[in-house]
Every structure is written in structure tokens, then in C-alpha cells.
Amino acid sequence: MYSVLIMLSLVGMAVASQSPARPVLKLWPNGNPGGWTRNDKESSDNNPDLLIIKGVSTPTLEVFRSKSAKPDAPTVMICPGGGYYIEAIEHEGWEIAQRLNLAGIHAAVLKYRLPDHDHDKPLHKVVLQDTQRAIRLLRAKAKELGIAATKVGILGFSAGGHASAVTSTAPEATYPPFDDADKLSPRPDFTVLIYPAYLNVEGTMNLSEGLVVDSHTPPVFIAQAMDDPIPIEGALAYTHACHLAKVPVELHLFPKGGHGYGLRTHEEGLKSWPDLLISWLGRL
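Let me sum up the structure you'll find in this document. Residue positions are given per chain, counting from 1 as you read along its sequence in written order. Side-chain atom pairs in this predicted model are given and counted only at pLDDT of 80 or more, local residue features only at pLDDT of at least 70, and totals for whole chains, interfaces and linings cover all residues. Just so you know, side-chain values use all the structure's heavy atoms and leave hydrogens and water out.

## Topic: the overall build of the protein chain
- Put simply, DSSP H or I for four residues or longer makes a helix, DSSP E for two residues or longer makes a strand, and each gets a number counted from the N terminus. Per the secondary structure count, the protein chain includes seven helices and 11 strands.
- Along the first, second and third principal axes, the C-alpha atoms of the protein chain reach 45 × 45 × 40 Å.
- Whether a residue is buried, partly exposed or exposed follows from its accessible area with a 1.4 Å probe, protein chains only, as a fraction of its type maximum: under 20%, in between, or over 50%, in that order. Out of the 284 residues in the protein chain, the part that is buried amounts to 55%.
- Considering only contacts within the protein chain whose residues lie at least 6 apart along the sequence, 78% involve residues at least 24 apart.
- Accessible areas in this description were obtained via Shrake-Rupley with a 1.4 Å probe; residue shielding takes into account the shown protein chains only. As displayed, the protein chain has an accessible area near 12,800 Å², and 56% of this comes from carbon and sulfur atoms.
- Positive residues here are Lys and Arg, negative ones are Asp and Glu, while His and the chain termini are left out of the count. We put the charge of a Lys on NZ, of an Arg on CZ, of an Asp on CG and of a Glu on CD. Computing the positive centroid from 26 side-chain charges and the negative centroid from 30, the protein chain places the two 7 Å apart. Here, two residues are considered to be in contact whenever any of their heavy atoms come within 4.5 Å of each other.

## Quick word on the side chain of Arg 113
- Examined against the element boundaries, Arg 113 turns out to sit in the loop between strand E7 (106-111) and helix H3 (125-140).
- Throughout this description, a polar contact denotes any pair of N or O atoms lying within 3.5 Å of each other; where both atoms belong to protein, one of them has to be capable of donating a hydrogen while the other can accept it, and for residues adjacent in sequence the pair is counted only when both atoms sit in side chains. A distance of 2.9 Å separates the side chain of Arg 113 from the side chain of Gln 129, its partner in a polar contact.
- Dropping the residues within four chain positions of it, Arg 113 is found in contact with Trp 28, Asn 32, Pro 33, Trp 36, Val 56, Ser 57, Pro 59, Val 126, Val 127, Gln 129 and Asp 130.

## A look at the state of the cysteines
- Put simply, a disulfide is two cysteine sulfurs that come within 2.5 Å. Counted under the stated rule, the structure contains zero disulfides.
- For the unlinked cysteine Cys 79, the closest cysteine sulfur is that of Cys 242, found at 17 Å.

## A closer look at the sheet that holds strand E3 (residues 50-54)
- Only strands joined by at least two bridges in the DSSP assignment are considered to pair. One open sheet holds the three strands; their spatial order is E2-E3-E6, and the pairing between them is antiparallel. This sheet does not close on itself; its edge strands, each paired only once, are strand E2 (43-47) and strand E6 (86-87).

## Here's the deal with the packing of aromatic side chains
- Working definition: rings of Phe, Tyr and Trp (its six-membered ring) pair if their centres are within 6.5 Å, and the pair is stacked with planes under 30 degrees apart, edge-to-face with planes over 60 apart, and tilted otherwise. All told, the structure shown has seven aromatic pairs when counted by the stated rule.
- Consider the rings of Phe 190 and Trp 280, whose centres lie 6.3 Å apart with planes at 80°: the pair is edge-to-face. On the criterion of sequence distance, the pair formed by Phe 190 in the loop between helix H5 (159-169) and strand E9 (191-194) and Trp 280 in helix H7 (residues 273-283) is long-range, its members being 90 residues apart. For the pair Phe 190 and Trp 280, one class covers both residues: buried.
- Consider the rings of Tyr 195 and Tyr 261, whose centres lie 4.7 Å apart with planes at 70°: the pair is edge-to-face. Placement of Tyr 195 in the loop between E9 and strand E10 (220-225) and of Tyr 261 in the loop between strand E11 (249-254) and H7 is noted, with a sequence separation of 66 residues between them.
- The rings of Phe 157, Tyr 195, Tyr 261 and Trp 273 are connected pair by pair, giving a single aromatic cluster.

## Here we look at the packing of helix H2 (residues 90-102) against H7
- Where H2 meets H7, the closest approach of the two axes is 11 Å, and the angle between their N-to-C directions is 55°. Taken together, the axis directions place H2 and H7 in an arrangement best described as oblique. Our pair here, H2 against H7, has a crossing hand that is right-handed. Side by side, H2 and H7 meet where Ile 96, Arg 99 and Leu 100 of the first sit next to Trp 273, Pro 274, Asp 275, Ile 278 and Leu 281 of the second.
- Note on residue classes: Ala, Val, Leu, Ile, Met, Phe, Trp, Tyr, Cys and Pro are nonpolar, Asp, Glu, Lys and Arg are charged, and everything else, Gly too, is polar. When its residues are assigned to classes, the contact of H2 with H7 shows six nonpolar, no polar and two charged. Inter-axis angles, ranging from 0 to 180 degrees, are taken between N-to-C directions of lines fitted to C-alpha atoms, where helices are fitted over the stretch in contact. Note on terminology: angles under 35 degrees are roughly parallel, angles over 145 are roughly antiparallel, angles of 65 to 115 are roughly perpendicular, and the others are oblique. Crossing handedness is defined as follows: a turn of the near helix away from the far one that is anticlockwise and smaller than a right angle gives a left-handed crossing, while the clockwise case is right-handed.

Listed below in C-alpha cells is the structure:
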């Protein structure tokens, strides 16, 4: 544990010289689509080294720009996981953005709305609105932020991986236009799924309802451990669908590692997934 904390501290110190001030963009300045809100208030739960947030009603996008990025560097929008109940915004958000910044890649961490599990169906409905709006905002503000508008991708962990896959396959926008940003494409230019959840119909190799991979689906990178309690059939089903649609896909399966590790795995093989991802991004 101490070695992990020391490593993260060193990464944080290095990032301090890599990242300019981080803009925080409010997705819906005039209120959420349809007036959607939650009855409870946003809160955080900071266990010894695992910060999570709950009850998110006001989504934001925190932009992590890398000073060492080349002019055509990609920007990776990150969706933390948490089963659509919580968001693991520290180790599946900020830490990932900082690691990408060190590699000369811009990033942005999306704090998306968390649905009411009793009333919001499907659960990802409001999350999809947020991911689509966030991608459009990054494109609209590309010049201001110093990023490439045509290289904006999405990365998701667990439930965030499901949201990323839905965003990558949605045929159209899911909310009424708000401003000029909504004239831009809401579909990401590439997709990264790390131990993704809910991609397949349970017990089958069929994609979940709403996931339709076709020739418009962006290239995808997928990584998961085979002992993950989330079945690998979801990752395999998405990979197979991409293969059939002739969509470029790179899949990495590791023997051990479980679920929810972010950058904090102790499995030697699994530690390589960020480097494999960075290499893949460089080849896009």
C-alpha cells in the first residue's frame, strides 16, 4: 500500500509541471435537459485512499491539458465507474488523466449525473446526454483549450465503460439542441473500454440492448482481466461485433487482476495496460 501511495505522490509531483490550470466546464449552464434533478445532494466519501462521489445532479467536465502534447495530440474524455450508483472519480478519473498528461495526451474527467435507480430507465439515459454534450463542448472549445477538435475520444471504466460504448454506438443526439456546440458531432473519434460492464445480455455473447456496432462505430481499445467478476463475454461480444463491422479493435485480456484497479494493480502483466493504450493512441 505504501509503495502505491508513494508512486501516486511522485506522479502527482511530476504532473504539477505538466498540466496547466484545469478548466472546469459546466455542461448545462441553463439547467439539465427536461429539468432533471435528484432529491438528494451531491456528496463524497473519502476512504483512506479511495475518493468516490455520490448523488451527482450537476455534471461538469474538468480538463487536464498536457504541456508536452504535440499539436495533433488526442484528448481522452474519462468516465469513471461505479455501477451508476457512485463515481470513482479519483483512481478512475484524475489519476488516469494525470498519467495520460505525462505521455503528452490531453484528458478530461467527466463528472456525470447519477440516475435514480428506481425511476430512471434505462439507467444510462441521463449519462448518455452528459457524455454527448461533453464531447461536443470539447470540440466547440478546442481552439480555446488548445486541443484538436477531430481527435476527441472517450474512455470508460466498468459502468463508465458501458456509457462509453453506448456513446460510441448511439446513432444520434439524445437531447434537444442547446447552443452552437450542439451542431457538432456527439460521437467520439475513438473509444477505450477498461473492464467494461453491461455490454452483453447476461449469459450470452449478444450485445446489450441499445448497442449496435456498425461502420460508423469508432476504433476501440479494450482491456480486462479474465478473473474479473464482470464476465469477459461483454468485451468479447463488443470485439466480435467490431470485427464483423470491420471496425479496428484491439483487445487485451490478462490472466489476473480482478476489477476496479485503475492504475493501482499489483499484477505485473496488468500494469502494462496504460502503456499499451498510449501506444495504441499514438497509432491512431
